[in-house]
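# Tertiary structure, described
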Amino acid sequence: MARRKTTLYLEEEVLRAAKVRAASLGLRESELVERALRHYLGLERLEALLAKGPLSEEEALRLAYQEFHASRG
């Protein structure tokens, strides 16, 4: 999927922690942010559901959002 450039405004402490974590994992900061967003948004679950079988995209999205909301309590 194509990537687009964006600007984020973060607290210094969050940015510093992200830089340290990205470096410790051997990632670029943008890769770390994308992974964190994918996890937070439940996209990992959606991708896993789509890879499993013949669910329609609508069914997979519905299940992913149900799981997302359930995990946020």
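Once a new chain begins, its residue numbering starts again from 1 and follows that chain's sequence as written. Since the coordinates come from a predicted model, pLDDT governs what is reported: local features require at least 70, and pairs of side-chain atoms require 80 or more to be given and counted, while whole-chain, interface and lining totals use all residues. As a convention, hydrogens and water are excluded, and side-chain values are obtained from all of the structure's heavy atoms.

Turning our attention to the confidence of the model for the protein. Confidence scores here are pLDDT values: one per residue, from the predictor, ranging 0 to 100. Chain-level statistics for the protein give a pLDDT mean of 88 and a share of 97% at 70 or above. Ranking the helices and strands of the protein by mean pLDDT puts helix H1 (residues 12-25) first, with 98, and helix H3 (residues 43-52) last, with 76. Per the convention used, a helix needs a DSSP run of H or I reaching at least four residues, while a strand needs a run of E reaching at least two, with both numbered from the N terminus.

Points on a 1 Å grid, built from protein atoms alone, make a cavity when a 1.4 Å probe fits but cannot get out and make a pocket when they are open with protein on both sides within 12 Å along at least 5 of 7 lines; residues with an atom within 4 Å of a point are the lining residues. Grid points are joined across faces, edges and corners, and a volume is the space filled by probe spheres set on the points. As enumerated under the stated definition, the model contains 1 cavity of 30 Å³ or more in all. Volume-wise, the largest cavity comes out at about 30 Å³. Around the largest cavity, the lining residues are Leu41, Gly42, Leu43, Leu46, Leu61, Ala64 and Tyr65. Of all the secondary structure elements, the ones that give two or more residues to the lining of the largest cavity are H3 and helix H4 (57-72). Here the lining of the largest cavity takes 3 residues from H4, the largest share from any one element. When residues are sorted by character, Ala, Val, Leu, Ile, Met, Phe, Trp, Tyr, Cys and Pro go into the nonpolar class, Asp, Glu, Lys and Arg into the charged class, and all the rest, Gly among them, into the polar class. When the residues that make up the lining of the largest cavity are grouped by side-chain class, the tally is 6 nonpolar, 1 polar and no charged.

Salt bridges are defined by distance alone: a side-chain nitrogen of Lys or Arg within 4 Å of a carboxyl oxygen of Asp or Glu. A complete count under the given rule lists 3 salt bridges for this structure. Where arginine 3 meets glutamate 34, a salt bridge forms, and the shortest distance between an N and an O atom there is 3.1 Å. Taken together, the residues span a long stretch of sequence, with arginine 3 in the segment before H1 and glutamate 34 in helix H2 (residues 29-41) at a distance of 31 residues. Between arginine 38 and glutamate 34 there is a salt bridge whose closest N-O contact spans 3.4 Å. In this pair, arginine 38 and glutamate 34 both sit in helix H2, 4 residues apart, roughly one turn of the helix. Whether a residue is buried, partly exposed or exposed follows from its accessible area with a 1.4 Å probe, protein chains only, as a fraction of its type maximum: under 20%, in between, or over 50%, in that order. Given the relative accessible area of 26%, arginine 38 is considered partly exposed. Residues joined in a network through salt bridges with shared partners are Arg3, Glu34 and Arg38.

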